[in-house]
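# A look at the structure
The chain contents come next:
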Amino acid sequence: TNYPHGVCVAHNGNLTNAADLADYCRNKLGRHINTDSDSEVLLNIFADSLIKGENNGSDMVENIFSAVEKVMSLCKGGYAGMYLINGIALVGFRDPHGIRPIVMGTRKSSTVDEKSDYIFASESVAIDTLGFDLVRDVEPAEAIVITMDGQVHTRRCLPEDKISLTPCIFEHVYFARPDSIMDGISVYESRLKMGEKLAYQIIEKYPDHDIDVVIPIPDTSRTSAVQAAYILGRPYREGFIKNRYIARTFIMPGQETRRKSVRLKLNTIKSEFAGRNVLLVDDSVVRGTTATEIIQMARDAGANKVYMTSAAPPIRYPNIYGIDIPTRHELVAYERDDEEIAEKLGCDWIVYQRLNDLEDSVNEAGDCSDQSYETSCFSGTYVTGETIDSDYFTKLHDLRNDDAKLKQLESTGAAQAAKAGMPPGSHDGCENLQNDRRGATRA
């Protein structure tokens, strides 16, 4: 937005009351909301509060903190991000529960003597890569204001009774890179612990198991698979080679699209499967489309038996804080026990991580014992108070189910252009330059 000063926002996460806040912005604040993006809501509430603070003659830094306080008092959900106020300040912020991650880094300025450059990022690995030093995580409900003269101001913007650190545990399971540090905990170390506890559970359930080899489903599960193989006393082998130019299959719309994409995404090294009882290790199992196809690929490659393990517990509930996990009825673990899931996937048996073991894995990696986590996709408990039978989840189902996503794809400009018979490479009705026939020799 251009007023005041020019303000832009970048954020990671999801507001669960975005629709209500959009109405609030239109009806109470008199501000235009042009999209259904919750980023636009975050931007307009902040900008409106800045204007009112300036009209009251407030100090600019105090005004920024007041604006962030307004945002946090109104917005529900998981969010972390930055505001850039043109010519004034950079502001990093995190929701009152610390659900989504954000860290701050610094380095000596290369342009101004005796000054520092600052950076905010979702993961510490970005800070390392760009040559900054990690300072710390932004705390729940905290705002960090860095002014143009390099001064750093920090404040918790809500009272202590409204603040609790419950970071999303799925970051450690899947999203974060293993070389990242989140809330002081090494993602790599937490995944080693996941593999360790998973192996001990296999030994507990199947003390006479006949596993010959442990094979990860790349890439995220590699760390857990290495440790599981070590504890089980079985060789670790790379049996799948990944095509790095295929997108995440679990968020693709349409079952058939996801199934075909798995075959494009992975290929087997047949010698690692032929005649062996194989333990496959994955980070998590969502719809089961990927797992089903991979299990069949292992059998096609000659595996004698195929066992499946997940470094995460069964996913039985949607996530509402920024992870596009589908509706409950599309989840393979919905209303199924382990035996029914194994039958559905086509494996000989499946072992899931226990939720308490997952939490312990992360806590032990960080040498802490009482840290709580946002585990809603496993437990169905939402730290912001939503319940699974609320209207919000009905609306979420209408937006996230496969049919809805396919309809959204069909409404894009590219899809409409294809239906209209426009030439290959056209996008939203605009031709690719390769289709330009001007100057070509006529027959």
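Residues numbered from 1 in each chain as written. Predicted model: local features only at pLDDT ≥ 70, side-chain atom pairs only at ≥ 80, totals over all residues. Heavy atoms only, no water.

## Here we look at the side chain of Arg-100
- Secondary-structure assignment places Arg-100 in the loop between β3 (89-94) and β4 (103-108).
- Judged by relative accessible area, Arg-100 falls into the buried class, the value being 1%.
- In this structure Arg-100 touches Asn-12, Gly-13, Gly-78, Tyr-79, Ala-80, Arg-94, Asp-95, Cys-168, Glu-171, Tyr-321, Gly-322 and Ile-323, once residues within four positions along its chain are discounted. (Helix = DSSP H or I, 4+ residues; strand = E, 2+ residues; numbered from the N terminus. Buried < 20%, exposed > 50% of the residue type's maximum accessible area, 1.4 Å probe, protein only. Contact = heavy atoms within 4.5 Å.)

## Thoughts on the pattern of salt bridges
- According to the stated counting rule, one finds 24 salt bridges in the structure shown.
- Salt-bridge contacts for Glu-142 lead to Arg-136; the nearest nitrogen and oxygen are separated by 2.7 Å.
- Relative accessible area serves as the criterion here: at 5%, Glu-142 is assigned to the buried category.
- With a relative accessible area of 27%, Arg-136 lands in the partly exposed category.
- Arg-177 is the salt-bridge partner of Asp-179, the closest N and O atoms lying 2.7 Å from each other.
- When its relative accessible area of 44% is taken as the criterion, Arg-177 is described as partly exposed. (Salt bridge = Lys/Arg side-chain N within 4 Å of Asp/Glu carboxyl O.)

## Observations concerning helix α2 (residues 38-55)
- Its 18 residues place the ends of α2 26 Å apart at the C-alpha level, agreeing with the 26 Å of an ideal helix rising 1.5 Å per residue.
- By the criterion of burial, α2 is predominantly enclosed, with 14 of the 18 residues buried.
- The N-terminus of α2 is capped by Ser-37, whose side-chain oxygen sits 3.1 Å from the backbone nitrogen of Ser-39. (Expected span 1.5 Å × (residues − 1). Polar contact = N/O pair within 3.5 Å; in protein donor to acceptor, adjacent residues only side chain to side chain.)

## Observations concerning the sheet that holds strand β5 (residues 116-121)
- If you walk across this open sheet you meet the three strands as β5-β4-β6, and the pairing is antiparallel. Strand pairing shows two members of the sheet lacking a second neighbour, β5 and β6 (133-137), which therefore form its edges. In this sheet, neighbouring strand axes are inclined to one another by 25° on average, regardless of whether the strands run parallel or antiparallel.
- Alignment of β4 against β6, held across four bridges, turns out to be antiparallel. The partner of Met-104 across the bridge, within β6, is Arg-136. (Pairing = 2+ DSSP bridges. Axes fitted to C-alpha atoms, helices over the stretch in contact; angles between N-to-C directions.)

Limitation: the analysis is restricted to geometry and does not speak to function.
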